[in-house]
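# Examining the three-dimensional arrangement
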Amino acid sequence: MSEHILKDGRTLILRDPALADAQELIDYLKIVGGETDFLLADENGIEGLTLEGEQSWITSTLESPHTKMFVGTIDGEIILVCDVRAAGRTRIAHVGGVAITIKRAYWHLGIGHIAMQAMIDFAKSTGTLRTLSLEVREGNERAISLYKRFGFVEVGRHKARINVRGTYYDEILMDLDLTQA
């Protein structure tokens, strides 16, 4: 667990998820999915996600030495979820996927920066992860700017990969070489 003072003076607590968080995390995905079109989840959250499925996800995350989920809270409310998830196959086990979501009411407070630094620090601490990889929807300039500030570079695109209410967007692929960062 770590504490971070935000731009508005409030304290963000970064911690591991707990099984007791499972239902709140499911509800959180519906909230953040309904607040922006930049996520793969929408106001329905993740299709087919059950309480048992979320608990299993939390358990597997906590048991993996090269995977880390951070839950960010302010005054006990989950406002951030991010993770570094190591690839499961031996030949690509040195690559970690990165994901981050923040409730809209907490944007512009430096939380994305704190979360990204925590994920990079964790990845470096594993001694195994050499590359962090992420996908971001074109047009999400604030997120792309954050990733670039940390050294992520665009390595490719999936053309028209994301469909939001009938409009197709490219998915931008970005990597961070941890051996150079």
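Look a little higher up for the structure.
Please read all numbers here as calculations on a predicted model, not as lab measurements.

Strand order in the open sheet formed by eight strands is E1-E2-E3-E4-E5-E6-E8-E7, with mixed pairing between adjacent strands. Every interior strand has two partners, whereas the edge strands, strand E1 (2–5) and strand E7 (153–164), have only one. Ignoring strand direction, the axes of neighbouring strands in this sheet form an average angle of 25 degrees. As judged from the three bridges shared by strand E5 (residues 95–102) and strand E6 (residues 131–137), these two strands associate in the parallel manner. Residue Gly97 lies in a different strand from E6, and its bridge partner there is Ser133. Relative to strand E4 (residues 77–86), helix H3 (residues 111–125) is tilted by about 30 degrees, and along the sheet it contacts E1, strand E2 (11–15), strand E3 (68–74), E4, E5, E6 and strand E8 (167–177). Relative to E6, helix H4 (residues 141–149) is tilted by about 165 degrees, and along the sheet it contacts E5, E6 and E8.

This paragraph deals with the environment of Val71. Following the sequence through the fold, Val71 ends up in strand E3. Its relative accessible area of 0% is what places Val71 among the buried residues. Each C-alpha atom of the pair Val71 and Arg15 lies 5.3 Å from the other, and the pair is 56 residues apart in sequence. Beyond its immediate stretch of four places on either side in the chain, Val71 contacts Ile13, Leu14, Arg15, Pro17, Leu25, Ile78 and Leu80.

Thresholds applied
Residues numbered from 1 in each chain as written. Predicted model: local features only at pLDDT ≥ 70, side-chain atom pairs only at ≥ 80, totals over all residues. Heavy atoms only, no water. Pairing = 2+ DSSP bridges. Helix = DSSP H or I, 4+ residues; strand = E, 2+ residues; numbered from the N terminus. Axes fitted to C-alpha atoms, helices over the stretch in contact; angles between N-to-C directions. Contact = heavy atoms within 4.5 Å. Buried < 20%, exposed > 50% of the residue type's maximum accessible area, 1.4 Å probe, protein only.

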